[in-house]
Amino acid sequence: MKISGFTFLRNGTLMGYPYLESIRSLLPLVDEFIINIGDGNDDTYEQVMAIADPKIRIIRSQWNEGMHAKGFVYAQQKMIAQYSCTGDWAFYLEGDEVLHENDLERIRTSMLTHLSNPKIEALAEEGLDLAVFPERLLDAPGLQQVERDLHLEVELLRGILLPGLLRNVAHNLNHGV
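Summary of the structure given here. This is a predicted model, so every value here is computed, not measured. (Residues numbered from 1 in each chain as written. Predicted model: local features only at pLDDT ≥ 70, side-chain atom pairs only at ≥ 80, totals over all residues. Heavy atoms only, no water.)

What follows deals with the overall build of the protein chain. A count of helical and extended segments in the protein chain gives six helices and eight strands. For the protein chain, the sequential pattern of α-helices and β-strands runs β-α-α-β-α-β-α-β-β-α-β-β-β-α. The proportion of buried residues among the 177 residues of the protein chain is 42%. Counting only contacts in the protein chain whose residues sit at least 6 apart along the sequence, the fraction spanning at least 24 positions is 73%. If you sum the accessible surface of the protein chain, you get close to 9,600 Å²; carbon and sulfur atoms cover 53% of it. (Helix = DSSP H or I, 4+ residues; strand = E, 2+ residues; numbered from the N terminus. Buried < 20%, exposed > 50% of the residue type's maximum accessible area, 1.4 Å probe, protein only. Contact = heavy atoms within 4.5 Å. Areas by Shrake-Rupley, 256 points an atom, 1.4 Å probe, with all protein chains shown as cover.)

What follows concerns the pattern of salt bridges. For the coordinates displayed, the defined rule picks out three salt bridges. Between Glu 32 and Arg 57 there is a salt bridge whose closest N-O contact spans 3.4 Å. Placement of Glu 32 in strand S2 (residues 32–38) and of Arg 57 in strand S3 (residues 56–61) is noted, with a sequence separation of 25 residues between them. Glu 32 sits in the buried class, given a relative accessible area of 8%. By relative accessible area, which is 35% here, Arg 57 ends up partly exposed. Its salt-bridge partner being Arg 60, residue Asp 39 comes within 3.2 Å of it at the nearest N-O pair. Residue Asp 39 is located in the loop between S2 and helix H3 (44–51), and its partner Arg 60 is located in strand S3; the two are separated by 21 residues in the primary sequence. By relative accessible area, Asp 39 is classed as partly exposed at 33%. (Salt bridge = Lys/Arg side-chain N within 4 Å of Asp/Glu carboxyl O.)

Tracing the sequence through the fold places Ser 61 in strand S3. Among the polar contacts made by the side chain of Ser 61, one reaches the side chain of Asn 36 at a distance of 2.7 Å. When neighbours within four sequence positions are excluded, Ser 61 is seen to be in contact with Asn 36, Ile 37, Gly 38, Asp 39 and Gln 77. (Polar contact = N/O pair within 3.5 Å; in protein donor to acceptor, adjacent residues only side chain to side chain.)

A few words on the side chain of Ser 22. Looking at the element boundaries, Ser 22 is found in helix H2 (residues 19–26). A distance of 3.0 Å separates the side chain of Ser 22 from the backbone oxygen of Glu 94, its partner in a polar contact. Setting aside residues no more than four positions away along its own chain, Ser 22 makes contact with Leu 93, Glu 94, Gly 95, Glu 97 and Val 98.

Interpretation note: all reported values are geometric properties and have no functional meaning in isolation.
Now the structure itself:
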C-alpha cells in the first residue's frame, strides 16, 4: 500500500500558518508528500526545502489571480497537488492543520483494511486529535460556512477529492447505502 500526502501553500510564513509543523505531522504516515507551492512574497519555498525529506516533492505554481472569486484558485491549486499523487490513498492536510502522532497507526490500519474494497472511496476518521487554528479559517461567499468550534474531519481519499462528501460516504457505508 502506498500513501500520498498532499497540500498547497502560498505565503505560509507571511500568513503565520504552522505549515512546517503540518508537513512534519503527516510525513511519518506517507510514502510521498506532494506540496504545491505558489509564487509568493516570503520564504515558504525555502522553509519547505529546508525540511530536506526525500518523501517531499515540490511543485511550483503560478496562481491565476483572476480566479479568487468563490475560492476557485484554492480548488485549482489543491487539484494540481492531488493529481500528482501516485499512492493508493491520498491524504489532504491543510497548512493550518497538524495531525497528532498517536493517530497515525489507526489511520494506516484503516487504510490497509479498506484498500481492496472497491466500494470505499474515502474514509472519515472521527475523533482524530487534529490541531486546527480557527482564526485562520476562511469564510467566503459560495463556500460552506464553518462553525469555528467545529471539530474538522480529516479527508483521506482514493480517487476524487470532494469536500463535504466524506461524512455522507461514511454514513452510507455504515447504513448499507
